[in-house]
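For reference, the chains in residue letters:
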Amino acid sequence: MRSRFVTFLAVLLLTLAACGGAVPGPSSPAVTASPFPATLIDFQNRSVTVPVRPERVVSIGPSITAFLFALGAGPRVVGVDDFSDEPAEAATREHVGGIKVNFEKVVALKPDLVLSVKFSDGTIEKLQSASLNVLVVDPQTVSDVAKTATLLGKAVGADGEAMGRSIQQRVDAVKAKAATATTRPRVYHEIDASDPAKIFTVGPGSYINDLIEIAGGTNVAARAPSAYPQLSAEEILRSDPEIIVLAADAYASKPADVVSRQGWSIIAAVKNNRIFTIDPNLINRPGPRVGEAAETYAKLVHPELFR
Amino acid sequence: MRTAAVIAFLVAALVVSAAAGILVGAVAIGPGDVLAALFGSNDVNGTIIRELRLPRVLGAALVGGSLATAGALLQGLLRNPLADPFVTGTSAGATLAAVAAIVMGLAAPFVPLASFAGALVTVTLVWRLARVGGGTTVLTVLLAGVVLTSFAGAVVTFLLVSSDRLALQLRAVLGWLQGGVSVISWAELGVAAAIVAAGLGFALVLAHRVDAYAFGEDTAATLGVDPDRTTTAVLGATALLSGAAVALAGLVGFVGLVVPHALRFVIGATHRRLVPASFLAGAAALVLADLGARTIIAPAELPVGAITGLIGAPFFLALLVRSRRIVL
């Protein structure tokens, strides 16, 4: 049970990152004369030097992959993790594993730069000991997204700053508009209810908690002790959410399931039929689509403002 | 007189544990509000108490009562103090059938029926295996139980791994295998209560015949008890009770072993008294175990099977040592 939970969290963390598709900012980013060698500080406060413009990049993390393609560096991406499916073209690259990275495959691809999310199992160190140049990029919150665009732009020689600014503007616009609302509806965002006694939701420090706040809602688990806390049905009933958001996902609960849960008919969101589903890739991955994610969430929370 | 006193005590114990089970939960609700909620206040407390806590407590009571009654019947039928639905593999057979029903996508009301069928097949097999070569011994029953439990476990693993795990909501199934009464709906409770009522009714009617069994099948026959029909009926009642318990709460171990055994010290081995007493004591015990499961590591929850296993397994070992001295 415990190890299954750890795996679940690992999948969640890996998918927590990314995107693709319609991206704000330059559609064909100008590759400026970014000076190489470039010395960069990564998400683990390591100083990493990229000596020349990288031509063979391996990306481990779906949000990193999405950024690289959005920055126009897609043609130079030779390998991606198993979860990188945005944009669709990314999935055609060589796969180098998911929760467990396949080191032999990474080395065989002869990358001149490896971009990876954080790992707690020594993966980064092992990649480095194979003489690979590794930059750790691990956006977790909405405010990390612009910083990620800038960092990745410098690493691959593209204008990430412009993209970061444009993303931030789009997010700020949603935030400003939502702030004019007279209410801040209580939102319950369900991650996983396969144990109906203890349902996973989002707490402070999670990306989705940020999105709920930007969208002008109040997360019912905003004061939970962790980023992905478990709530009992009793606590959810007591918090009386006005809006319930589910993942539009094959294995997630459907709105009809939520309505039929014993006792839930008393919840405002159930009474008023305000149970929505949302594309999990869009809102789980802190990537270049964060503006779109914030707009989509805001439409659910404040339909009177966002149409 | 003494029996009446014991039964009265057990009824009181069940009421007190149920009250504790309803008073304590994830959300703090004062005793006054709990009382108001039970008698129909229409606020959120009322819903929490009536729709979430009450069915859970009643479910735990049904599961504990059924397992203890089934244990008393099996111990009498097999003339073996170490028998119960869990150690004989009956619960595992019921679990296998229920998981198979879920994997095949059968509707929810069929799950208790499937687990009843699984329990019936397994308990009959144990009975047959235990009688190979004449009389039943403690060890043959236990070994038959071990074999059937491992086999059922292997098939369950196969079914889970080979089916669409995400659609099955594997975490829920795994939680169920560990034994838990976390969320029980009134609909499930209704079906299970009907099955348990049938099983308990059978058990009460059959109790005096099980007593005749204590002297061996030949003696039972001379007392006017038809051994084959009695055996079939007792196995059927056991299967009804264990099937309902498994359908509600999955694999909860040792309740059926410990409860009737402890009661024998108090009210003797007569099944006419043992069957009703086991139901009441088993119900109270599992309500308390579930209360422990909810509170010991709160806000997280333990599967109730972990609690019954912690208490029951050492008890089982002690019994095994004693019975080896006596029987083998």
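Predicted, not measured: the structure shown is a model, and the values here were computed from it. Positions within a chain are numbered from 1, following the residues in the order the chain's sequence is written. Each chain takes a letter, starting from A, and each ligand takes a number, starting from 1, following the order in which they are written. In view of the model being predicted, local features appear only for residues whose pLDDT reaches at least 70, and side-chain atom pairs are presented and counted only at 80 or more, with totals across whole chains, interfaces and linings using the full set of residues.

Novice: What's the story with the overall build of chain A in this structure? I'm lost.
Specialist: Comment: elements are numbered from the N terminus, with helices defined as DSSP H or I runs of at least four residues and strands as E runs of at least two. Within chain A one finds 12 helices and 13 strands. Any residue surrounded by 20 or more other C-beta atoms within 10 Å of its C-beta is treated as buried, while 12 or fewer makes it exposed and the intermediate range makes it partly exposed; C-beta atoms here are placed from the backbone. Expressed as a percentage of its 307 residues, the buried residues of chain A come to 52%. Here contacts are defined at the residue level, using C-beta atoms placed from the backbone and a cut-off of 7 Å between them. Pairs at least 24 apart in sequence give 65% of the contacts found in chain A among residues at least 6 apart.

Novice: Got a minute to help me understand the sheet that holds strand E3 (residues 57-60) of chain A in this structure?
Specialist: Hydrogen bonds along the backbone pair up the strands of a sheet, which may run parallel or antiparallel. Residues and elements named next belong to chain A. Pairing between strands is defined by DSSP: at least two bridges between them are needed. Strand order in this open sheet of 5 strands is E5-E4-E3-E6-E7, and the pairing throughout is parallel. Among the strands making up the open sheet, the edge pair consists of strand E5 (94-95) and strand E7 (134-136). Taken together, the 3 bridges between strand E6 (residues 113-116) and E7 define a ladder with parallel strand orientation. Paired with Ser116 across the strands is Val136, a residue of E7.

Novice: Would you mind going over the environment of B:Leu257 with me for this structure?
Specialist: Residues and elements named next belong to chain B. Secondary-structure assignment places Leu257 in helix H12 (residues 255-267). With 189 residues separating them in the primary sequence, Leu257 and Ala68 have C-alpha atoms 6.9 Å apart. Setting aside chain neighbours within four positions, we find Leu257 in contact with Gly71, Leu82, Asp84, Phe86, Val87, Gly312 and Phe316.

Novice: Would you take a moment to explain the pairing of E6(A) for this structure?
Specialist: Here is the key point about a regular strand: its side chains alternate between the two faces of the sheet. The alternating pattern of E6(A) places A:Leu113 and A:Leu115 and A:Val114 and A:Ser116 on opposite faces, both of which are buried. Assignment of crossover handedness uses the view with strands pointing away from the viewer, where a clockwise path from the first strand over the helix to the second indicates a right-handed crossover. Crossover connection from E6(A) via helix H4 (residues 123-129) of chain A to parallel E7(A): handedness right-handed.

Novice: Even after reading the chapter, I still don't get helix H11 (residues 227-249) of chain B, so can you show me in this structure?
Specialist: Residues lying three or four places apart along an α-helix face the same way, a consequence of the helix completing one turn every 3.6 residues. Multiplying 1.5 Å by the residue count of a helix minus one yields the expected span of that helix. Helix length check: H11(B), at 23 residues, gives a terminal C-alpha distance of 32 Å against a target of 33 Å (1.5 Å per residue), a fit within 8%. B:Gly250 occupies a position one or two residues after H11(B) and carries a positive phi of about 70°.

Novice: Mind showing me how you'd approach the packing of helix H5 (residues 110-131) of chain B against H11(B) here?
Specialist: A pair of packed helices can be characterised by two numbers: the angle between their axes and the separation between those axes. All names here are of chain B. The axes are straight lines fitted to the C-alpha atoms, using for helices just the contacting stretch, and the angles between their N-to-C directions are given from 0 to 180°. It is at 7 Å that the axes of H5 and H11 come closest, and there the two elements cross at 135°. The pairing of H5 with H11 is recorded here as oblique in orientation. For the pair H5 and H11, the sense of crossing is right-handed. Residue-level contacts link Val111, Pro112, Ser115, Phe116, Ala119, Leu120, Val123, Thr124 and Trp127 of H5 to Thr231, Leu235, Gly236, Thr238, Ala239, Leu240, Ser242, Gly243, Ala244, Val246 and Ala247 of H11. By definition in this entry, angles of less than 35 degrees are roughly parallel, angles greater than 145 are roughly antiparallel, angles of 65 to 115 are roughly perpendicular, and the rest are oblique. Here a crossing is called left-handed whenever its near helix is offset anticlockwise from the far helix by less than a right angle, and right-handed whenever the offset is clockwise.

Novice: Whenever I open this one, the confidence of the model for chain B confuses me. Can you help?
Specialist: As a general rule, the predicted coordinates of low-pLDDT regions are not to be interpreted in detail. The pLDDT value expresses, per residue, how confident the predictor is, ranging between 0 and 100. Here chain B averages 84 in pLDDT, and 90% of its residues register 70 or above. Taken element by element, the predicted model of chain B shows its lowest mean pLDDT in helix H7 (residues 165-168) of chain B (52) and its highest in helix H1 (residues 2-23) of chain B (93).

Novice: What should I look at first to understand the pairing of strand E2 (residues 47-50) of chain A in this one?
Specialist: All names here are of chain A. Pairing between strand E1 (residues 38-41) and E2: 4 bridges, direction antiparallel. Each residue of the ladder has a partner; that of Ala38, found in E2, is Val50. Between E1 and the antiparallel strand that follows it, E2, lie 5 residues; Asn45 among them carries a positive phi value of about 60°.

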